[in-house]
Amino acid sequence: MANYTTFQQGTLVKRENSMGFTWVLRYNADGKRKAMVLGTSKDLPTEAAARHKASTMTAVINESKVVRTFGQLLERYIKEELPLIRPKTQKTNLSNIKHIRARWEDVSIDDMLKDLVAIQNWVANLQTQPRKLAGGGSQAGHPMAKQTRQHIKNLLHRIFECSMLWGYLPVDRNPISLVEIKRSTGVQPVKRLKYPLTVDEAKALMNYLALSEHVRVMVKLSIFLGLRISEVLGLKWDDIDFAKLEIHIRRSVVDGHVDMTKAEASETKVPIDVEIAMILQAWKMHTESVGGWLFGSAITGKPFYANSLQHDHLAPAGAALGIRNLGWHSFRHSFENWLRESKVDPTTQMMLMRQADIKTTNMYGRDDGSMKIKREARDGMMTAVFGGAK
């Protein structure tokens, strides 16, 4: 076992009283035995909750210089590292941390390092949480998708990277890199299939009379330009150059948070045609600008929330028109599919999709040549598929 000479875990004590019970943490400080009240039975109804609070407090007592349990390491990650990442990723990580904490919070780092197979088996057999059904009852959990389990492994990997950075572990090969993502046992999760829209479905959606006008314009931009919904919500009127027929993608908005685009390659200019420019100009005349945003809420003064738009507008429209699994990303999948069907070469597809893994240099619309290529390819595709952006 590693030598944690300055560490103390303390002792958790449950004191009964007339009101129930109180959780107390006993620990050493300045050569004396001290006690700290963690909370009452109302504050901490279970031993697990009390241990979680005790783990947090012992990290504070030890000035976070030495940790022994993985839970203490996790607390420092949440406090120092989590705020530095994108809000959407924070939300995903906090959800995954619930699974990690439930299994590993009170386990010593030494014990985890001694039994990496246990970690591998745990990742392989992770289950989703049971869900309460609207009509009563509950739906049992099922094996997690491989991608979700990979995300949880990646998070563990990052936390152990931080432990080396903070000096808790020697700088060496990350032990989590040895953990493999095995096929989960039991019933496999059902994959949600991605259905690119047909041309008829896209036209039906854009002409659906019950669709609110702001959602209709957002749908058209997503269909005709292949933009992510976060990029559509991040558009400001200053980003549109009607003279040059270009839109500059500068930012994204996720759950009300304004941030950079998903990847460096995404922050670039995309070509539009006269018909898209007319759609945007008509929308500008139709609506009063809120904070310079194309799609701002007069109530909040900020861009709309994508999830609310999907729940209140997009999903009902998809159900009414018989379009399977309709979501905002359906339009980006469709745009890419139409580019492929129109036999646009792969390099130009990457440029129009603004993906980060293209293997050529200095692309993504950073020079006049690439803008010309992108414009010709997009216009050609739209003419072949729609007969123009109509």
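Residues numbered from 1 in each chain as written. Predicted model: local features only at pLDDT ≥ 70, side-chain atom pairs only at ≥ 80, totals over all residues. Heavy atoms only, no water.

1. Focus on helix H3 (residues 87-104)
- Under the 1.5 Å per step criterion, the end-to-end length of H3 is 25 Å for 18 residues, consistent within 8% with the ideal 26 Å.
- Taken as a whole, H3 has its buried residues at Asn93, Asn96, Ile97, His99, Ile100 and Trp104. (Helix = DSSP H or I, 4+ residues; strand = E, 2+ residues; numbered from the N terminus. Expected span 1.5 Å × (residues − 1). Buried < 20%, exposed > 50% of the residue type's maximum accessible area, 1.4 Å probe, protein only.)

2. What to know about the packing of aromatic side chains
- In total, this model carries 6 aromatic pairs according to the counting rule given.
- Centroid distance Phe21 to Trp23: 5.6 Å. Interplanar angle 85°. Geometry classified as edge-to-face.
- Look at Phe21 and you get buried, because its relative accessible area is 15%.
- Look at Trp23 and you get buried, because its relative accessible area is 5%.
- Both rings, one in Trp283 and one in Phe295, keep their centres 5.9 Å apart while their planes meet at 25°; by these two values the pair is stacked. Of this pair, Trp283 sits in helix H10 (residues 274-286) while Phe295 sits in the loop between H10 and helix H11 (306-321), placing them 12 residues apart in sequence. Phe295 matches Trp283 in its accessibility class, with the two residues each being buried.
- In this structure, Lys236 packs its charged tip against the face of Trp293, placed 4.5 Å from the ring centre. (Phe/Tyr/Trp six-rings, centres within 6.5 Å; stacked < 30°, edge-to-face > 60°. Lys NZ or Arg CZ within 6 Å of the ring centre and 35° of its normal.)

3. What to know about the sheet that holds strand E6 (residues 240-241)
- One open sheet holds the 3 strands; their spatial order is E6-E7-E10, and the pairing between them is antiparallel. On the outer flanks of this sheet lie E6 and strand E10 (269-271), each paired with one strand and no other.
- The sheet contact formed by E6 and strand E7 (residues 246-248) spans 2 bridges and is antiparallel. Within E7, the residue paired with Ile240 across the bridge is Ile247. (Pairing = 2+ DSSP bridges.)

4. Points about the environment of Ile272
- Relative to the helices and strands, Ile272 is located in the loop between E10 and H10.
- For Ile272, a relative accessible area of 0% gives the class buried.
- Taking the C-alpha atoms as reference points, Ile272 and Phe224, separated by 48 residues in sequence, lie 8.6 Å from one another.
- Leaving out residues up to four positions away in the same chain, Ile272 has contacts with Leu225, Leu245, Glu246, Ile247, Ala277, Leu280 and Arg375. (Contact = heavy atoms within 4.5 Å.)

5. So, unusual backbone geometry
- A positive phi angle, close to 50°, is found at Asp255, a residue other than glycine.
- Relative to the elements of secondary structure, Asp255 occurs in the loop between strand E8 (252-254) and strand E9 (257-259).
- Even without a glycine there, the phi angle at Asn325 is positive, about 50°.
- The residue Asn325 is located in the loop between H11 and helix H12 (328-341) in this model.
- A relative accessible area of 34% places Asn325 in the partly exposed class.

6. Some thoughts on the nonpolar core
- Among the nonpolar cores identified, the biggest contains 51 residues, and Leu205, Val219, Ile223, Ile247, Leu280, Trp328 and Phe331 are the most heavily contacted of them.
- Elements supplying a minimum of two residues to this core: helix H7 (199-206), helix H8 (213-225), helix H9 (229-233), H10, H11, H12, helix H13 (346-353) and helix H14 (368-386).
- No other element matches H8, which puts 8 residues into this core.
- Here Trp328 is in contact with Val215, Met218, Val219, Ser222, Ile229, Ala306, Leu309, Gln310 and Leu314, once residues within four sequence places are set aside.
- Judged by nonpolar contacts, the second largest core, of 31 residues, contains Phe70, Ile100, Phe160 and Val179. (Core = buried A, V, L, I, M, F, W, Y, C linked by side-chain atoms within 4.5 Å.)

7. Here we look at the side chain of Gln120
- Mapped onto the elements, Gln120 comes out in helix H5 (residues 116-124).
- The class of Gln120 is buried, set by a relative accessible area of 14%.
- The contacts of Gln120, once residues within four sequence positions are left out, are Leu178, Val179, Glu180 and Lys182.

8. A few points about the packing of helix H2 (residues 70-81) against H3
- The geometry of H2 relative to H3 is characterised by a closest axis approach of 10 Å and an angle of 165° between their N-to-C directions. With respect to H3, the axis of H2 lies roughly antiparallel. Here H2 and H3 pass one another in a crossing that is left-handed. Contact with H2, carried on its side by Phe70, Gly71, Leu74, Glu75, Tyr77 and Ile78, involves Asn93, Ile97, Ile100, Arg101 and Trp104 of H3 and no other residues of that element.
- Of the residues assigned to the contact of H2 with H3, the class counts are 7 nonpolar, 2 polar and 2 charged. (Axes fitted to C-alpha atoms, helices over the stretch in contact; angles between N-to-C directions. Parallel < 35°, antiparallel > 145°, perpendicular 65-115°, else oblique. Left-handed = near helix turned anticlockwise from the far one by under 90°. Nonpolar A, V, L, I, M, F, W, Y, C, P; charged D, E, K, R; others polar.)

9. Some remarks on the pattern of salt bridges
- The full count for this structure, using the stated rule, is 12 salt bridges.
- Arg228 is paired through a salt bridge with Glu231; the nearest N and O atoms lie 2.6 Å apart. In this pair, the class of Arg228 matches that of Glu231, namely buried.
- Here Lys269 ties to Glu246 by a salt bridge, and the two come within 4.0 Å at their closest N and O atoms. Of this pair, Lys269 sits in strand E10 while Glu246 sits in strand E7, and the two are 23 residues apart along the sequence.
- For Glu246, a relative accessible area of 13% translates into the label buried.
- Each of Glu75, Arg101 and Glu105 takes part in a single network of salt bridges with overlapping partners. (Salt bridge = Lys/Arg side-chain N within 4 Å of Asp/Glu carboxyl O.)

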